[in-house]
Amino acid sequence: HGVQFELFRNQDGTVTLNRAFSDGQWFEEAASGFLADLGRIDDAVKIDTGPSRGCVLRKSGEVIAWNEHGLWTPEAPISDAIDVGIGTNVWAAVRADGSVHVQPMPGKDARDFTPPEDLPSAFAVRAHASVIAAQMADGSWRAWGGNANSRLIEQINSIGPAVDLLFFSLPHGRTDALIWIDPTTN
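So, a few notes on the structure that sits alongside this text. Just so we're clear, the structure is a prediction, and the values are computed from it rather than from any experiment.

Let's talk about the side chain of serine 130
Link 1 in the chain: Locating serine 130 in the fold gives a position in the loop between β11 (122-128) and β12 (131-136).
Link 2 in the chain: A distance of 2.7 Å separates the side chain of serine 130 from the side chain of asparagine 89, its partner in a polar contact.
Link 3 in the chain: Those residues within four positions of serine 130 in sequence are excluded, and the remaining contacts are Asn89, Val90, Phe113, Trp144, Gly145, Gly146 and Asn149.

Details of the sheet that holds β11
Link 1 in the chain: Within the open sheet, the three strands sit side by side as β11-β12-β13. Their pairing is antiparallel. Here the strands that pair on one side only, and so sit at the sheet edges, are β11 and β13 (141-145). Strand after strand, the sheet turns through a mean of 20° between neighbouring axes, direction not considered.
Link 2 in the chain: In this structure, β12 lies alongside β13, joined through five bridges in antiparallel fashion. Of the residues in β13, the one forming a bridge with alanine 133 is alanine 143.
Link 3 in the chain: Contacts from helix α1 (residues 150-158) reach β12 and β13 within the one sheet, and its direction differs from that of β13 by about 165°.

Section: the pairing of strand β10 (residues 100-104)
Link 1 in the chain: Most of β10 sits inside the fold, with five of its five residues counted as buried.
Link 2 in the chain: The two faces of β10 match: Val100, Val102 and Pro104 on one face and His101 and Gln103 on the other face are all buried.
Link 3 in the chain: In this structure, strand β9 (residues 90-95) lies alongside β10, joined through five bridges in antiparallel fashion. Counterpart to valine 94 in the pairing with β10 is valine 100.

Rules used in this analysis
- Residues numbered from 1 in each chain as written.
- Predicted model: local features only at pLDDT ≥ 70, side-chain atom pairs only at ≥ 80, totals over all residues.
- Heavy atoms only, no water.
- Helix = DSSP H or I, 4+ residues; strand = E, 2+ residues; numbered from the N terminus.
- Polar contact = N/O pair within 3.5 Å; in protein donor to acceptor, adjacent residues only side chain to side chain.
- Contact = heavy atoms within 4.5 Å.
- Pairing = 2+ DSSP bridges.
- Axes fitted to C-alpha atoms, helices over the stretch in contact; angles between N-to-C directions.
- Buried < 20%, exposed > 50% of the residue type's maximum accessible area, 1.4 Å probe, protein only.

This is the structure in structure tokens:
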């Protein structure tokens, strides 16, 4: 099911990427095609990965995303991103003005991923499969995306304020899992 990546953001802002073949052997991809560009990054502030995909948010606000088919570029360059998340079919970035840019995988219908018109200003974003979730100033999360994930979207939208969240599919596609951190009060 695609290529597995091992991606690290080092303390100095560089990015180290290894790639696994089906036999489980890892090797450095520094000199291979479009991934060679990752070797030149020295200002990474965040990374996000998943099977056969990954993205890097640079200090400049640029997002570099890819999947097993190559670079996954936005229609227009982004230079003001403050957070990123990548799913199987979409990656998303919160921009400096709080708007959310969503970039579907080539061939996917962009209408499935368009942020809701009433989405408040966001400061964080997560993505998995065909679901995007953005965090609002009050700590609440708002999710949207593909209809196949409607139960997960409803769950995310019902948790209220959370420090962070993570959602993913369990092996063999049995179900989706949602984990969140409740805020503490003193």
